[in-house]
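# Per-entry structural report
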Number of protein chains: 2
Amino acid sequence: MAISFQQAAAMALDSVQIGFLPPAAHVTADNVLQLVPYAQSKGFDFIIAPINSPAYRRVLFENEGRLSPAMLAWRAGMEALRPEDLVLRTADRSEAIVGTLSDWQDFDSQDPKVRLHSELALRQQFTWAAHLGLGGVILPYPPSSRPLTNYSRVLTGTLSMIPYTVCWLRVPCMDNDLEKDVAEELQGMKSWERWNILRNMAGSDSKLGVALELSSTLPTDQVLDRWFAEPVKVIILHEDIFLTNNRGYPVLSKRHQHVVRMFFKFKPYFIISSPTMPKLVLDEFSDDVLEESLASPHADYIRYLYRTQDAPGVIDQFATGYQDYLQAPLQPLQDNLDSSTYETFEKDPIKYQQYELAIERALRDRPFPNGGTPDVTVITVVGAGRGPLVNCSLRAAEKAGRNVRIYAVEKNPNAFVTIQNMKAAQWGDRVNIVFSDMRTWKAPEQADILVSELLGSFGDNELSPECLDGAQKVLKLDGISIPANYTAFVAPMSSNKLHADVSGYKDLARFETSYVVMFKTVSLLAQPKPIWVFEHPNRTDIPLDQDPLSNHHNIRSGSVEFTSETSGMVHGVAGYFESVLYKDVILSINPATHSSGMFSWFPIYFPIRTPLYIPAGAQVVLDFWRLTDKRKVWYEWRVSCKVKGLGEIQWSALHNVGGRSSSIGLY
Amino acid sequence: MAISFQQAAAMALDSVQIGFLPPAAHVTADNVLQLVPYAQSKGFDFIIAPINSPAYRRVLFENEGRLSPAMLAWRAGMEALRPEDLVLRTADRSEAIVGTLSDWQDFDSQDPKVRLHSELALRQQFTWAAHLGLGGVILPYPPSSRPLTNYSRVLTGTLSMIPYTVCWLRVPCMDNDLEKDVAEELQGMKSWERWNILRNMAGSDSKLGVALELSSTLPTDQVLDRWFAEPVKVIILHEDIFLTNNRGYPVLSKRHQHVVRMFFKFKPYFIISSPTMPKLVLDEFSDDVLEESLASPHADYIRYLYRTQDAPGVIDQFATGYQDYLQAPLQPLQDNLDSSTYETFEKDPIKYQQYELAIERALRDRPFPNGGTPDVTVITVVGAGRGPLVNCSLRAAEKAGRNVRIYAVEKNPNAFVTIQNMKAAQWGDRVNIVFSDMRTWKAPEQADILVSELLGSFGDNELSPECLDGAQKVLKLDGISIPANYTAFVAPMSSNKLHADVSGYKDLARFETSYVVMFKTVSLLAQPKPIWVFEHPNRTDIPLDQDPLSNHHNIRSGSVEFTSETSGMVHGVAGYFESVLYKDVILSINPATHSSGMFSWFPIYFPIRTPLYIPAGAQVVLDFWRLTDKRKVWYEWRVSCKVKGLGEIQWSALHNVGGRSSSIGLY
C-alpha cells in the first residue's frame, strides 16, 4: 500500500510537502485519477480535488417547492450518494488526494429546508471523504456577508462524528469582500475573527485546522502574527500572487518570502492554486499522461525557499523537541538536580561568558586599600553545582590580575562529588569547597563578592530571593552580589496549542500551575512589561548578620496594563526575566533585550482557565502576586479586559488562591 | 449552651431575625456585653459590634518609618492580639453577636507595607472572630475611589482558610460617592458592579454573602432586581431612612416597604442601624441594665411588615421546598410516570379548567352536517394518564350539549389500571379505553378532536411534536388538535445560586443539561422572547394517514437578541412556553402572560459553563437548536454578547454538541 503524503512528510522531516490545486470546475470523475501522476511528475506530493460533482447540487436546489419522494428518502438517510454526484468515486490514490467540500451550501439561510439540506449534504460528503480515507478535507470559507452560527454548529457536530479525518477551514488572510472600507492596518482582522468564532464553537478539536490563503496584498505583521498562535496546517498560494523575475521564473515578493519563511517552522503543507487546467492524455492505458515533463516552477521555488532558510541557531538546535512542550519549572531548592541537567545548562555559550565578565568588572572595581596593592578578594559561590561559576571566577581573576580566595558552597551531595574532583584535579588551594545549604552555612570569613546562579525563567521563581537572603550574612557590608537584581516581565499571550495541552489534563490544578515552555505556536498581544524587581544584597529588610524574621519582604504584587492593537484571544501570561549581573552586564530572556544565543531559560507560561477574547484597542490588565507563608512561595494571577467607556468587561478567576494548586517549597 | 440566632431562625421559620447596630465608636470592651441583654429587651435577636478597638490601628499606623522590633515580631506571626486591641475579648454571648471588621485598612495602597499589614490584620481579626464563634462577620465596603483587586484577593485567600464563619460584605444599594454625576436610572449600578468583581474573584464561596444597605433614595426596580440573583443575607436599615407617621411611629415609605417585602422571600437578617448609643447601666451585678423597657419601634415595624405579607398563593404553597431546586425534566415517553406525579399535576386548578373550556369551544364549533343535528363527535385523548382529560371532555360535552364518543389511549400500564376502574365505575360506554402507544395505535375510527397534554416547561421538550405526529393519522382531515400550537420562549438570566448548584456536580455533562426549577434567586436580564413554534396537526410535513419518514421537520433553530439595560451576569437561559389550546384559550408560563394560579410547570433552566458579564446596554444573543436523530431529540445552545462598535465580545461554548450530555429518548 502506498504511504500517504502525510506519512511521507513525517518520514522526511526536512522537506516541504506541496499540493496542486487545479480549477475545481475542470476536475471530473474522468480526469481526477490522471491528475495524481500528472502532479507528481511536476514535483507535487498531492492534489486537491472536489469530492462532489455539480450534479450533487440537486439536494439543495431540486424541487424548490414540495419535496419529492426521492428527496424525502434522501433526507431520511434512505438514499446513498449516486455515482453522478461524485468526482471522487473510489479510494484509488486517496492517500494522495485532499478533498474539497462544495461551497454552495447555505447553513445560515433563513429557510429551514436550506439549512437542513446543507447540513445533511455536508455530513454525507464528510462521511464519504472519511470512508475513502482522503489525506484531508478542505472546508469552504463561509461567505463573509453571512452569519456563522449554524455553520459552526454543524461543523462542530460533524467533527464529533468523524473520528480520524483531518479538515482545514480555508481562510483568506484578507477578506476582500469585508475589507474594502477598512483602514489599511486593520485589514485581515475580520477573517481571523470569523475563524475565531467558529473555532471557539468547535472547541479545541484537534482535527480542525486552518488552510490560510495568502493574497497578493498582505495585512500588517501584527495582524498576521495572530495566525502563529493558530493551527495553520496549510498555506495556499495562488499562482497569480507570484511575480516574475529577470529570468522569467515565478518568485515571491520580499514580504511574501518573509511570511512564508515564518510559517516554515509550523511545517504546513503548501498548496499551489493554478488558474489553468493542465492538458491530460485521457487514455488510461497510456503511460504518457503528461503534458510536459518539467517540474512546476512554483513548487520548485517554495522548495528553494525551504532549503535556503537560515541555518538554525544554537537555540533552535537546542530547542528541537522542546517546542511547545510544557515542562514543570525546576525546584532546585526542594529537589536536587541531576547531572544531565547541570550538563545541559553548563553548555550555554553566553550565560557563563556574562558571569565571567561581571566578576571581572567587579574585581577590577574593588578598591586598593590605602592606594596600595589590593588584598586577596574573597569570592563566595553559593549553589556552585558542578563548578562552572568557580571556573568563571578563576578566569575572571586571571584577566583582572587579582588574587582571589574562592568558597564554593553546594547542598546537592551528588554535585558535591564533582566539585571535590575538580578541586583535586584543577583548583587546588585557591578554592575551598563546602557541603552545606547556603542559608545555614557558618562562613569562616565574609565575602567581597557573592556569586550565584539561582534564577528561573521568571527571575525569582526558583527562590533566588529567599536563598540569597539567607546567604547574604556571609557578604561584607560593602560586598557585591552577582546578580545585583532581577526583574520579572509579563505579557498577555495567545496560544491555542498550549491552552489545549493544559486543558487535556482535565484538572483545575493544571490551570493554576506555571510551565516552562519553548514557545512556538504563541503570539504575544503586546510587548512584555516589568512587574516587579528583587535587589541584592537586601540591607533594608534583613538585619546585618542575621536571618530575616519572616519572608514578608519577598512578597510582591503588580498590576500592568497593556493595549492590544488587534483583537485576539488571551490564553494566559508569558513570563520572562531580565537580570543585572553587575553594572551593564546583563542576562535577559525578555524578547526586547534577549541575550543573543543564550538558551538556558525558556519563557514561563501561566495559563488561565477560560480564554478571554480581547477586542481591538481594549486594555488587558495582568494582576500578579508573589506570596509566601512559612513553608512555601507561590504566585496568584488574574487577567481582565477593560474597554473605554464600559469598564472591566471580562476577567479570569483568581488563579491558585493560597497556592492551592502549585507552590515552590522553601525546604 | 444558648442557641444562636441562626439556629433560632431555622427553628422559627416564620419569623424574621433583627439585629441592633449601635454607633461603632461608642461600643467598647466595657459595654459590649451589656448591649446584648439591652438589645434583646428591645426585641432584637442579636447585636452588631466591632471586633477590634481603635487601638488596633497601631499595626498599620505605628512607626511610619522603620518597623519596630515588636511590629516585626507581629508580622512574623510571633505576637498575638493584645487585650487593648479588642472590643470582643471573650466568647461570652458570641452566638448573639455579629462582628464588624475595622475599615481603616487599605488593601490596594501603593505602599507594600500598608497592603501587607492590612492583609495580616484582616486575617488576624477574621481568625479571632472564628475562634470566638461569632454569629457572622460584616466586611467593610471598600472606599469607592479605590481599586478592589488586592482586597478581593485577600478576602478570597482568607475565606479559603476559615472553614465555618459566614461573612457578609456591606454594600450600599446606592454608592453616593460614586453616583453624584450619574443619571438617575443608572444610580446603584456601580455598587453591584463592585460587588460582582469581588464575588467573581472569590468564586462561589458559599460563606460570602451581601449585607445590603438600603438608603433613603432607592435605585430603580431594574437596578434593584439584580440583587435578587445575589446571596443577599442581610438587609441594613438606618433609623434615619424611616419616616414618622401621624401617631409618631417610624414607618417606611411605600417604595421601601415594597422592597423590604420583596426581600422577605430570601429570609435575610435585618439590621437596624441606630445613630445614638443607648444609655446602659454599667454595673455587671445589676439586673437592670436597661434604659427603658419598650421594644424598638423600628424592629416592631419590620416584624409588622413581615406578619402582614400577602398570604402565599396556591403556587407559593405548592412551591415550598421546590424553590431553586434543580429537577431533571420528566421523560414521560421513555419512562412511565408514577401515581403521585399524576396526582400532583391533576390538582392544578387552572390547567384542566382551560382544557375543558377549549374542548367545549371546539365542540360548539363543529359544523352541523346538512344544517341538521350534529353527529356524535369523536374525541380521542392520547396520553390519557389517569383520565383527567376524559373528565374534561365529558364535562365539556355536557356544557356544549353534544354527544361524544371518547377514546382514551394510554401506554403506561399502571395508569391504565386506573382508567379501567374509571370506565367501570363512572364512564361506561361513552368512553373506549385503549392500551397502546399513541404512535402505533390502529384506531377503529378517526377523531374530530384530538386532545393531549404532552407539554413540558419548554413546550416541546417532552416530545409532544413527535408523539402528536405519530398520533395525527387518527385525526380526520378537518379535525382539531388541542393544543393547536405551542411556542418556546427564552430569556437571558442571572442566578449565582443555580449556577453554583450545577457547578457543584463538577461534571461537564451537568452544564449541558436542562433543569426544571421554581425560580427564586433569579433575575432576568430582559423579558422572554419567542424562539420557535410547533403547530398541530402538521399536514405540511406528514403525508395523510402515514407516519413521517424522518423527524427532520421537527428540527428547529432560533437566534434571539436582547438588550440588557443594566449590566449583569448571564448564568444561563430561562425557558418558558405559551400554548394555544383552541382559539383564544391558552396555557402560559411565560411571565408576561402566565395563566394565573397554574402550577403544573416551573420554568426550565439551561445553564452555561462559564458565566458571561454583560455591560449595560449590550446585546445578549441566545442561539438555540432543537435537533434530532433516529433515536433521540436534544437541544444545543450558545450565549454571546455583542457591543455596538466592538461586535461579538464574549460567548459561551456551544453546549451539548450532538446531544452528548443530555437528550430525550424517542423510545
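If you're wondering where the values come from, they're calculated on a predicted model, not measured in any experiment.

Let us look at the overall build of chain A. When helices and strands are tallied, chain A shows 19 helices and 27 strands. Each of the 667 residues in chain A was classed as buried or not, and the buried ones make up 58%. When contacts within chain A are restricted to residue pairs at least 6 apart in sequence, those whose partners lie at least 24 apart make up 81%. Accessible surface, chain A as shown: approximately 27,400 Å² in total, 52% of it carbon and sulfur.

As a further point, take the relation of the copies chain A and chain B. Mapping chain A onto chain B leaves a residual RMSD of 0.1 Å; the transformation is a rotation of 180° accompanied by 0.0 Å of translation along its axis. Taken together, the rotation angle and the small translation identify this as a two-fold axis. When the interface residues of chain A are mapped onto chain B, 100% of them again fall at the interface, so both copies present the same face.

All names here are of chain A. Between helix H6 (residues 149–161) and helix H8 (residues 189–202), the least distance of the axes is 9 Å, while the angle of their chain directions is 40°. The pairing of H6 with H8 is recorded here as oblique in orientation. For H6 against H8, the interelement crossing comes out right-handed. Facing Thr 149, Tyr 151, Ser 152, Arg 153, Leu 155 and Thr 156 of H6, the residues of H8 in contact are Leu 198, Met 201 and Ala 202.

Here the UniProt-annotated "domain: PRMT5 oligomerisation" (unreviewed entry) positions come out as residues 485–664 of chain A. Split by type, residues 485–664 of chain A is 7% helix and 48% strand. Its first and last C-alpha atoms lie 20 Å apart.

Okay, the nonpolar core next. Counting residues in each nonpolar core, the largest one holds 198 residues, and the members touching the most others are Phe 458 and Ile 482 of chain A together with Phe 458 and Ile 482 of chain B. With residues near it in sequence (within four places) discarded, Ile 482 of chain A still touches Tyr 355, Ala 358, Ile 359, Ala 362, Ile 449, Leu 450, Val 451, Ser 452, Leu 581 and Tyr 582 of chain A. Judged by nonpolar contacts, the second largest core, of 87 residues, contains Val 36, Ala 96 and Leu 214 of chain A together with Trp 651 of chain B.

So, about the pairing of strand S5 (residues 167–172) of chain A. Residues and elements named next belong to chain A. A large share of S5 lies buried, amounting to five of its six residues. Here strand S4 (residues 136–139) runs beside S5; their pairing, made up of three bridges, is parallel. Across the sheet, Ile 138 pairs through a bridge with Trp 168, a residue of S5. Between S4 and its parallel partner S5, the chain crosses via H6, and the hand of that crossover is right-handed.

This model, assessed by the stated rule, comprises 68 salt bridges over all chains. A salt bridge links Asp 448 of chain B to Arg 366 of chain B, with the nearest nitrogen and oxygen atoms 2.9 Å apart. Here Asp 448 of chain B, found in strand S14 (residues 447–452), pairs with Arg 366 of chain B, found in the loop between helix H14 (351–365) and strand S11 (377–382); they are 82 residues apart in sequence, far enough to count as distant. Both residues of the pair, Asp 448 of chain B and Arg 366 of chain B, count as buried. Members of the salt-bridge network, linked through shared partners, are Arg 58, Glu 79, Arg 82 and Asp 85 of chain A.

Now for the sheet that holds strand S10 (residues 269–273) of chain B. All names here are of chain B. As summarised here, the arrangement of the eight strands in space is S1-S2-S3-S4-S5-S6-S7-S10, forming a closed barrel in which the pairing is parallel. Averaged over neighbouring strand pairs, the angle between their axes works out to 30° when direction is ignored. The sheet contact formed by strand S5 (residues 167–172) and strand S6 (residues 208–214) spans six bridges and is parallel. Residue pairing for S6: Pro 172 is matched across the bridge by Glu 213. Seen against the sheet, helix H10 (residues 254–264) touches S6, strand S7 (232–238) and S10 and runs at an angle of roughly 160° to S6.

Next up on the list: the interface of chain A and chain B. Interfaces are often sized by the accessible area lost when the parts come together. Opposite the 45 residues of chain A that make contact, chain B presents 45 residues. When the two sides are added together, the surface that chain A and chain B hide from each other amounts to roughly 3,800 Å², 65% of it contributed by carbon and sulfur. Our count for the contact surface shared by chain A and chain B stands at zero salt bridges. Of all the secondary-structure elements, those providing two or more residues to the side of chain A that touches chain B are helix H4 (69–75), helix H5 (112–132), H6, H8, strand S23 (604–614), strand S24 (619–628), strand S25 (632–643) and strand S26 (647–651) of chain A. Broken down by element, the side of chain A that touches chain B gets its largest block of residues, six residues, from H6 of chain A. When its residues are assigned to classes, the side of chain A that touches chain B shows 21 nonpolar, 14 polar and 10 charged.

What follows covers the sheet that holds strand S15 (residues 475–482) of chain B. Residues and elements named next belong to chain B. Sheet architecture is open: five strands sit in the order S13-S12-S11-S14-S15, paired in parallel fashion. With one partner strand each, in any of the chains shown, strand S13 (431–435) and S15 form the two edges of the open sheet. Direction aside, neighbouring strands of the sheet carry axes that sit 20° apart on average. Judged from the six bridges that link them, S11 and strand S12 (residues 404–410) form a sheet pairing that is parallel. What sits directly across from Val 378, in S12, is Arg 405. Lying on the sheet, helix H17 (residues 464–471) is in contact with S11, S14 and S15; it crosses S14 at an angle near 160°.

This part covers the pairing of strand S21 (residues 568–582) of chain A. Residues and elements named next belong to chain A. Counted residue by residue, S21 has 13 buried out of 15 residues, so it is predominantly covered. Sheet analysis places strand S16 (residues 485–494) next to S21, joined by nine bridges and oriented antiparallel. From the neighbouring strand, Tyr 486 faces S21, where its bridge partner is Ser 579. Where S21 meets S23, seven bridges bridge the pair, whose relative direction is antiparallel. Of the residues in S23, the one forming a bridge with Gly 568 is Ile 614. In this structure, the hairpin formed by S21 and strand S22 (residues 585–588) is closed by a connection of two residues, where Lys 583 is found at a positive phi of approximately 45°.

A few words now on the side chain of Lys 632 of chain A. Residues and elements named next belong to chain A. Inspection of the secondary structure puts Lys 632 in strand S25. Here Asp 629 takes part through its side chain, which lies 2.9 Å from a polar atom of the side chain of Lys 632. Discounting chain neighbours no more than four positions away, the residues touching Lys 632 are Leu 627, Gly 658, Gly 659, Ser 663, Ile 664, Gly 665 and Leu 666.

Before going further, it helps to spend a moment on the UniProt feature "active site" (unreviewed entry) in chain A. Residues and elements named next belong to chain A. The UniProt feature table records "active site" (unreviewed entry) at Glu 453 and Glu 462. With respect to the element layout, Glu 453 can be found in the loop between strand S14 (447–452) and helix H17 (464–471). Setting aside residues up to four positions removed in sequence, Glu 453 forms contacts with Lys 351, Tyr 352, Tyr 355, Val 382, Pro 388 and Leu 389. A polar atom in the side chain of Glu 453 sits 2.6 Å from the side chain of Lys 351. Overall, the relative accessible area of 13% leaves Glu 462 in the buried class. Ignoring sequence-local partners within four residues, the contact set of Glu 462 consists of Leu 330, Pro 332, Leu 454, Leu 455 and Gly 456.

Right, let's get into H17 of chain A. Of all eight residues that make up H17 of chain A, eight are buried, and the element is covered over most of its length. Among the residues making up H17 of chain A, those that are buried are Ser 464, Pro 465, Glu 466, Cys 467, Leu 468, Asp 469, Gly 470 and Ala 471 of chain A.

Structurally, the position occupied by Glu 648 of chain A is in strand S26. Of the polar contacts made by the side chain of Glu 648 of chain A, one reaches the side chain of Arg 638 of chain A; its length is 2.9 Å. Excluding residues that lie within four positions of it along the chain, Glu 648 of chain A makes contacts with Arg 638, Ser 640, Cys 641 and Lys 642 of chain A together with Ile 197 and Tyr 613 of chain B.

It is worth spelling out the packing of aromatic side chains at this point. Scanning the entire structure with this criterion turns up 60 aromatic pairs over all chains. Ring geometry for Phe 458 of chain A versus Trp 532 of chain A: centroids 5.9 Å apart, planes at 70°, classification edge-to-face. Taken together, the residues span a long stretch of sequence, with Phe 458 of chain A in the loop between S14 and H17 and Trp 532 of chain A in strand S19 (residues 529–535) at a distance of 74 residues. Neither Phe 458 of chain A nor Trp 532 of chain A differs from the other in exposure class; each is buried. With a centroid separation of 5.8 Å and 50° between ring planes, the pair formed by Phe 458 of chain B and Phe 624 of chain B is classed as tilted.

A few words now on the packing of helix H10 (residues 254–264) of chain A against helix H11 (residues 297–307) of chain A. Residue and element names in this part refer to chain A. Put simply, H10 and H11 touch, their axes get as near as 10 Å, and they point 65° apart. Here H11 runs roughly perpendicular to H10, going by the angle between their axes. Helix-helix and strand crossings are classified by hand; for H10 and H11 the assignment is right-handed. Residues Gln 257, Val 260, Arg 261 and Phe 264 of H10 touch H11, and the partners they reach there are Tyr 301, Ile 302, Leu 305 and Tyr 306. Broken down by class, the residue content of the contact of H10 with H11 amounts to six nonpolar, one polar and one charged.

Cut-off values and rules
- Residues numbered from 1 in each chain as written.
- Chains lettered and ligands numbered in written order.
- Predicted model: local features only at pLDDT ≥ 70, side-chain atom pairs only at ≥ 80, totals over all residues.
- Heavy atoms only, no water.
- Helix = DSSP H or I, 4+ residues; strand = E, 2+ residues; numbered from the N terminus.
- Buried < 20%, exposed > 50% of the residue type's maximum accessible area, 1.4 Å probe, protein only.
- Contact = heavy atoms within 4.5 Å.
- Areas by Shrake-Rupley, 256 points an atom, 1.4 Å probe, with all protein chains shown as cover.
- Least-squares fit on C-alpha atoms with pLDDT ≥ 70 in both.
- Axes fitted to C-alpha atoms, helices over the stretch in contact; angles between N-to-C directions.
- Parallel < 35°, antiparallel > 145°, perpendicular 65-115°, else oblique.
- Left-handed = near helix turned anticlockwise from the far one by under 90°.
- UniProt positions renumbered as here; feature names shortened; annotations may be inferred.
- Core = buried A, V, L, I, M, F, W, Y, C linked by side-chain atoms within 4.5 Å.
- Pairing = 2+ DSSP bridges.
- Right-handed = clockwise from strand over helix to strand, strands pointing away.
- Salt bridge = Lys/Arg side-chain N within 4 Å of Asp/Glu carboxyl O.
- Buried area = accessible area lost by both parts, 1.4 Å probe.
- Nonpolar A, V, L, I, M, F, W, Y, C, P; charged D, E, K, R; others polar.
- Polar contact = N/O pair within 3.5 Å; in protein donor to acceptor, adjacent residues only side chain to side chain.
- Phe/Tyr/Trp six-rings, centres within 6.5 Å; stacked < 30°, edge-to-face > 60°.

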